[in-house]
Amino acid sequence: MLIDIIAGARPNFIKIAPIIEAIASRKKSGVAVDYRLVHTGQHYDKKMSHDFFDQLSIPAPHINLEAGSGTQAEQTAKIMIGYERLLIEHPCDLCIVVGDVTSTMACAIAAKKTGNIRVAHVEGGIRSGDWTMPEEINRIVTDSITDYFFTTSTVANNNLLRAGTTPDRIFFVGNTMIDTLRKQEPNFIKPGIWTKAGLVEKNYFVMTLHRPANVDSKEKLGELISEILKASQGMLIIFPVHPRTAKILEQTGISAPNLWLAEPMTYLEFNYLVKFAKAVITDSGGITEETTVMAVPCMTLRDSTERPETCTAGTNELLGTDPSAIAPAFSKLFAGEWKTGGIPELWDGHTAERIVDHIIDIFSLMKN
Ligand code: UD1
């Protein structure tokens, strides 16, 4: 059985690492399973891609489609054309896509349209309900043609059931992003900025912003950061800046003695900073999962989340995108009133093994 594993953007790399490891381990113990790693090239900077392969010991991709940047449609088209070409010449049996990025949707469509390749979606079934987000469109389109869903929560299971998915195609397995986190936690690296900025444990914030709704207008981005600076009581804020945000941030002209800008960080350095932060301010989805597992307070600058368990069970709180919600949240944090949270079901570090075992079972049953 040949499995294609698709990875295109930064959060994908974190999610595929344990799946590759689990396949390699089953292969070593004699199971007739192999994989082909397809990098779409959606993220291509060393800091957004290569460094993650390096630190997470992900083998070099077998194929790089080199799709690069572009509008949503351009990027989707380039990935679909490249992946379809590969499948025509060298088909696979199953295509695994992860998460909700453009590469996820584009490769799922290309594989499914061959007519004989099955599609598995890791992190299937999650929904924000916000149709203005490209990621939500990617989730809905991908799930509408997925054969096997590997889910992170019972909320995701219920979303799929409500949409008419038969239960035999839904596998509640947990979270591969957390497999990586649990495995790599002992290897976290103190970044250079720790000494340069004079950071002290639980005495600084980490901030990340990259959602179009927050960063594509300089007025909006400027307003959000100004409000955060006002509420921060002068405590240092470390802000590793995503390439999308960097372009606009420069135009805001914002600077403050307690605001430290940094380039995108490696996985092991970034999570070291998160682990010892007083709190994280973000608009990312994946980071809300990592802060939940590390029990770090998290303020999310979004109106909705596709990961509600990070709020109901975890340390995350949705503040929305209106800057007026920022000051009250910081007051609550400084007053020591932030919730402590717990860990969602099956986020135990063994999700990828469960996924690969289910896949082997499915394909063995089909053969018999
Ligand atoms: C993508 C995902 C998002 C994910 C995020 C993590 C989609 C729709 N969005 O958003 O879900 O949370 O990745 O990072 O797939 N760029 C570089 N260097 C790179 C990559 C991108 O400079 O290595 C630039 C691009 O040229 C573009 C901008 O960053 O101008 C945005 O990149 P893009 O891949 O469109 O989406 P992200 O905002 O990174």
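Residues numbered from 1 in each chain as written. Predicted model: local features only at pLDDT ≥ 70, side-chain atom pairs only at ≥ 80, totals over all residues. Heavy atoms only, no water.

K.L.:
Lay out the environment of Ile-355 with the relevant residues and their values.
P.N.:
Examined against the element boundaries, Ile-355 turns out to sit in helix 16 (residues 351-367). Taking the C-alpha atoms as reference points, Ile-355 and Val-122, 233 residues apart in sequence, are found 8.5 Å from one another. Those residues in contact with Ile-355 that sit more than four places away from it in its chain are Val-122, Phe-150, Val-173 and Thr-176. (Helix = DSSP H or I, 4+ residues; strand = E, 2+ residues; numbered from the N terminus. Contact = heavy atoms within 4.5 Å.)

K.L.:
Got a sec to walk through the pattern of salt bridges? Specific residues and values, please.
P.N.:
Under the definition given, this model contains 22 salt bridges. For Asp-34, the salt bridge goes to Lys-27, with nearest N and O atoms at 3.3 Å. Asp-34 gets classed as partly exposed once you look at its relative accessible area, which sits at 30%. Between Lys-230 and Glu-227 there is a salt bridge, with the nearest N and O atoms lying 3.4 Å from each other. A residue pair is termed a helical-turn pair when its members lie 3 or 4 positions apart in one helix, as Lys-230 and Glu-227 do in helix 10 (residues 218-231) at three residues. (Salt bridge = Lys/Arg side-chain N within 4 Å of Asp/Glu carboxyl O. Buried < 20%, exposed > 50% of the residue type's maximum accessible area, 1.4 Å probe, protein only.)

K.L.:
So, the domain arrangement of the protein chain: which residues are in play, and what are the values?
P.N.:
Partitioning the protein chain into structural domains gives domain 1 (2-174 + 347-367) and domain 2 (186-334). Contact with domain 1, which involves 24 residues of that partner, is made by 21 residues of domain 2. Summing both partners gives a buried area of about 1,800 Å² for domain 1 against domain 2, and 61% of it is carried by carbon and sulfur. A per-residue breakdown of the area domain 1 buries against domain 2 is headed by Lys-47, Gln-55 and Trp-347, which together make up 32% of the total. Between Glu-306 and Arg-139 there is a salt bridge, and its shortest N-O distance comes to 3.4 Å. (Domains from an automatic or database assignment. Buried area = accessible area lost by both parts, 1.4 Å probe.)

K.L.:
Report on helix 4 (residues 102-112), specifying residues and quantitative values.
P.N.:
Extensive coverage of helix 4 is indicated by the burial of 10 of its 11 residues. Of the residues making up helix 4, those classed as buried are Thr-102, Ser-103, Thr-104, Met-105, Ala-106, Cys-107, Ala-108, Ile-109, Ala-110 and Ala-111. Where helix 4 is buried, its residues contact strand 1 (2-7), helix 1 (10-28), helix 3 (72-89), strand 4 (94-98), strand 5 (118-122) and helix 5 (134-144).

K.L.:
Help me get a handle on the packing of aromatic side chains, residues and values and all.
P.N.:
The final tally for this structure, using the stated rule, is nine aromatic pairs. Plain terms: the ring middles of Phe-150 and Phe-171 are 5.2 Å apart, the flat faces sit at 25° to each other, and that makes the pair stacked. Pair noted here: Phe-150 is in strand 6 (residues 148-151) and Phe-171 is in strand 7 (residues 170-172), with a separation of 21 residues, a long-range link. Both residues of the pair, Phe-150 and Phe-171, belong to the buried class. Seen in terms of ring centroids, Trp-194 and Tyr-204 are 5.4 Å apart; in terms of plane orientation they differ by 85°. Their pairing is edge-to-face. Here Trp-194, found in helix 8 (residues 193-197), pairs with Tyr-204, found in strand 8 (residues 204-208); they are 10 residues apart in sequence, far enough to count as distant. For the pair Trp-194 and Tyr-204, a shared accessibility class is recorded, and that class is buried. Taken together, the aromatic side chains of Trp-194, Tyr-204, Tyr-272 and Phe-276 make up a single cluster linked through ring pairs. (Phe/Tyr/Trp six-rings, centres within 6.5 Å; stacked < 30°, edge-to-face > 60°.)

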